[in-house]
Amino acid sequence: MATFARVDLAFERGEGVWLVTKDGERYLDFTSGVAVNALGHAHPHLVAAVTEQAQKLWHVSNLYEVPEAERVAQRLCAASFADVVFFCNSGAEAVEGAIKTARKYQAVSEQPERYRIITFEGAFHGRTLATLAAGGQKKYLEGFGPVVEGFDQVPFADLTAVKKTIGAQTAAIMIEPLMGEGGVRSVEPSFLRALRELCDQNGLLLIFDEVQSGMGRTGELFAYQRIGVTPDIMALAKALGGGFPVGAVLATNEAAKGMTAGTHGSTFGGNPLAMSAANATLDIMLAPGFFDHVKKIGILFKQRLAEIKDRYPSLIAEVRGDGLLVGLRAIVPAGELVNAIRAEKMLTVAAGDNVVRLLPPLIISEQEMAEGVARLDRACARLSGSSKALSSAAPRRQEGAAG
Ligand SMILES: *Cc1c(COP(=O)(O)O)cnc(C)c1O
């Protein structure tokens, strides 16, 4: 189906931060398959782990024990607030699982009337019918029939609106601790702390959608750890398998108390092949010093981007984000900037709010980062030259292509 407006470009292989076409053209990858390839392309440890597993066993179903999945779950729990994990295959499925877990919690707490979930304008939670309803974006909901019931959208980071919206039917509040597709928008830690307090006072569960912000992107394994506010349920996917499709719902024992045998399921979820990719990803990320590198290079990157913004005030309005989940809010249409950067053989991706997202693999070296900044600089130089040459008309604004 023609659901994607694809760029006319195909890659044959990858090496670290580089993607290579059949003709041998090399592109610097600052998209990472949209925050997926956290360890770059063809990481030797991931290749070895998946190859070894592929020769032993791919899939057995959840009718049997899967030791590889138990190991991933134990490691995720040891590294987070969670006690239990449910594995699935994508971000949308993980968010669906989080929604179901929250509703079931209220149902088994003898409050079945509590099923509504408060979400935020501009959020992106996936493309299934319920996660679209949670995201609430009209352009994605249009033409797909009645919107799934049970989501109350409030303006972004508006605490008064959240308080007003909490009612006798509210089950949970769901938020991305750092909004990705919506334009790399941060929320104040104080806002997330206030949500935590509201949840505690009202018997609600706090759900963090860390599908994009999790797995090291912000310089900690999970963004909530950087902020210091702990959820009850968390959705993960994107980088969890280093490029292999894996999703996960993490929860405390209490929040997951309704998720007993038979209440939820997945045929593929947590199969040995996927879990070998997740375990290998965790081997690298949990090794000492990994996040020090991400933090250090993230700070360097933002400094260099601030310089670029100062050099091209007609192109870039703001540098946003945390760690290596960074955005440039553009003044020209974000898509034009993405195209100009791609002409310099560097890959980036637009987000909402006219933002160009920069998501390099977390293993990027300082030298590769400098190369990226140089290419970005050349793209901006070219674009500012040509936009001056074009006309003096006010720049058009256009929303980025999210999800
Ligand atoms: C990408 C994303 C999703 C959806 O993930 P899919 O794997 O595409 O289903 C959900 N939430 C957030 C925050 C995301 O960035």
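Note that this is a predicted model, so its numbers are computed, not measured.

1. Quick notes on the overall build of the chain
Here is step 1: When you go through the chain residue by residue, the secondary structure sums to 13 helices and 17 strands.
Here is step 2: In terms of overall dimensions, the chain is globule-like: its C-alpha atoms have a radius of gyration of 21 Å, near the 22 Å expected for 403 residues.
Here is step 3: Judged by the C-alpha coordinates and their principal axes, the chain covers about 65 × 55 × 40 Å.
Here is step 4: Residues counted as buried form 53% of the 403 residues belonging to the chain.
Here is step 5: Across the chain, the fraction of contacts at a sequence separation of at least 24, relative to all contacts at a separation of at least 6, is 74%.
Here is step 6: For the chain, the exposed area adds up to about 17500 Å²; of that, 53% sits on carbon and sulfur atoms.
Here is step 7: The centroid of the 41 positive side-chain charges in the chain is displaced by 5 Å from the centroid of its 44 negative side-chain charges.

2. Section: the site of the ligand
Here is step 1: Surveying the vicinity of the ligand reveals the residues Ser-90, Gly-91, Ala-92, Phe-124, His-125, Gly-126, Glu-176, Asp-209, Val-211, Gln-212 and Lys-238.
Here is step 2: One of the side-chain nitrogen or oxygen atoms of Gln-212 is found 2.7 Å away from an oxygen atom of the ligand.
Here is step 3: Relative to its unbound accessible area of 380 Å², the ligand is 81% covered by the protein chains.
Here is step 4: By residue class, the composition of the shell around the ligand is three nonpolar, five polar and three charged.

3. Let's talk about helix H2 (residues 44-56)
Every α-helix carries 3.6 residues per turn, so stepping three or four residues along brings you back to the same face.
Here is step 1: An ideal rise of 1.5 Å per residue puts 18 Å on 13 residues; H2 measures up with 19 Å between its terminal C-alpha atoms.
Here is step 2: Of the positions making up H2, those classed as buried are Leu-46, Ala-49 and Gln-53. In a view along the axis of H2, the buried residues occupy a sector of 70°, so they form one face of it. With respect to the buried face of H2, the exposed residues turned more than 90 degrees away are Pro-44 and Gln-55.
Here is step 3: Where H2 is buried, its residues meet helix H3 (67-78) and helix H10 (272-285).

4. Examining unusual backbone geometry
Here is step 1: If you check the backbone angles, Ser-32 has positive phi at about 55° while not being a glycine.
Here is step 2: Within the secondary structure, Ser-32 is located in helix H1 (residues 32-35).
Here is step 3: Note on Ser-32: relative accessible area 0%, which makes it buried.
Here is step 4: Its identity as a non-glycine residue notwithstanding, Asp-353 has a phi of 65°, on the positive side.
Here is step 5: Structurally, Asp-353 is set in the loop between strand S16 (349-351) and strand S17 (355-358).

5. Focus on the sheet that holds strand S1 (residues 11-15)
Here is step 1: Spatially, the four strands line up as an open sheet ordered S1-S2-S3-S15, and their pairing is mixed. A strand with exactly one partner marks an edge of an open sheet, and here the two such strands are S1 and strand S15 (346-347).
Here is step 2: Here S1 pairs with strand S2 (residues 18-21) via four bridges, running antiparallel. Looking across to S2, one finds that Arg-13 is bridged to Val-20.

6. Overview of the packing of H3 against H10
Here is step 1: At their nearest, the axes of H3 and H10 sit 8 Å apart, and the two run at 35° to each other. Viewed along their axes, H3 and H10 form a crossing whose handedness is left-handed. Residues Glu-68, Ala-69, Arg-71, Val-72, Arg-75 and Leu-76 of H3 form the contact with H10, whose participating residues are Pro-272, Met-275, Ala-278, Asn-279, Leu-282 and Asp-283.
Here is step 2: Residue composition of the contact of H3 with H10, grouped by class: seven nonpolar, one polar and four charged.

7. Looking at the side chain of Glu-344
Here is step 1: With respect to the element layout, Glu-344 can be found in the loop between helix H12 (334-343) and S15.
Here is step 2: By relative accessible area, which is 13% here, Glu-344 ends up buried.
Here is step 3: Polar contacts involving the side chain of Glu-344 include one to the side chain of Arg-378, which spans 3.0 Å.
Here is step 4: When near neighbours in sequence (up to four residues on either side) are disregarded, Glu-344 contacts Arg-375, Arg-378, Ala-379 and Arg-382.

8. Here we look at the domain arrangement of the chain
Here is step 1: Partitioning the chain into structural domains gives domain 1 (13-30 + 288-384) and domain 2 (45-285).
Here is step 2: Of note, the centres of domain 1 and domain 2, computed from C-alpha atoms alone, are 27 Å apart.
Here is step 3: Taken residue by residue, the interface counts 21 residues in domain 1 and 20 residues in domain 2.
Here is step 4: In total, domain 1 and domain 2 occlude about 1700 Å² of area from one another, counting both sides; carbon and sulfur atoms represent 58% of this.
Here is step 5: Our count for the contact surface shared by domain 1 and domain 2 stands at three salt bridges.
Here is step 6: Note that Arg-357 and Glu-181 form a salt bridge whose closest N and O atoms lie 3.0 Å from each other.
Here is step 7: Linking domain 1 to domain 2 there are eight residue pairs in polar contact (both at pLDDT 80 or more).
Here is step 8: Secondary structure elements with two or more residues in the side of domain 1 that touches domain 2: helix H11 (290-311), strand S13 (316-322), strand S14 (325-330) and S17.
Here is step 9: Here the side of domain 1 that touches domain 2 gets four residues from one element, more than from any other, and that element is H11.

Conventions we followed
Residues numbered from 1 in each chain as written. Predicted model: local features only at pLDDT ≥ 70, side-chain atom pairs only at ≥ 80, totals over all residues. Heavy atoms only, no water. Helix = DSSP H or I, 4+ residues; strand = E, 2+ residues; numbered from the N terminus. Rg over C-alpha atoms; globule rule 2.2 N^0.38 Å. Buried < 20%, exposed > 50% of the residue type's maximum accessible area, 1.4 Å probe, protein only. Contact = heavy atoms within 4.5 Å. Areas by Shrake-Rupley, 256 points an atom, 1.4 Å probe, with all protein chains shown as cover. Lys, Arg positive; Asp, Glu negative; His and termini not counted. Charge placed at Lys NZ, Arg CZ, Asp CG, Glu CD. Near = heavy atom within 4 Å. Polar contact = N/O pair within 3.5 Å; in protein donor to acceptor, adjacent residues only side chain to side chain. Nonpolar A, V, L, I, M, F, W, Y, C, P; charged D, E, K, R; others polar. Expected span 1.5 Å × (residues − 1). Arc of directions from axis to C-beta. Pairing = 2+ DSSP bridges. Axes fitted to C-alpha atoms, helices over the stretch in contact; angles between N-to-C directions. Left-handed = near helix turned anticlockwise from the far one by under 90°. Domains from an automatic or database assignment. Buried area = accessible area lost by both parts, 1.4 Å probe. Salt bridge = Lys/Arg side-chain N within 4 Å of Asp/Glu carboxyl O.

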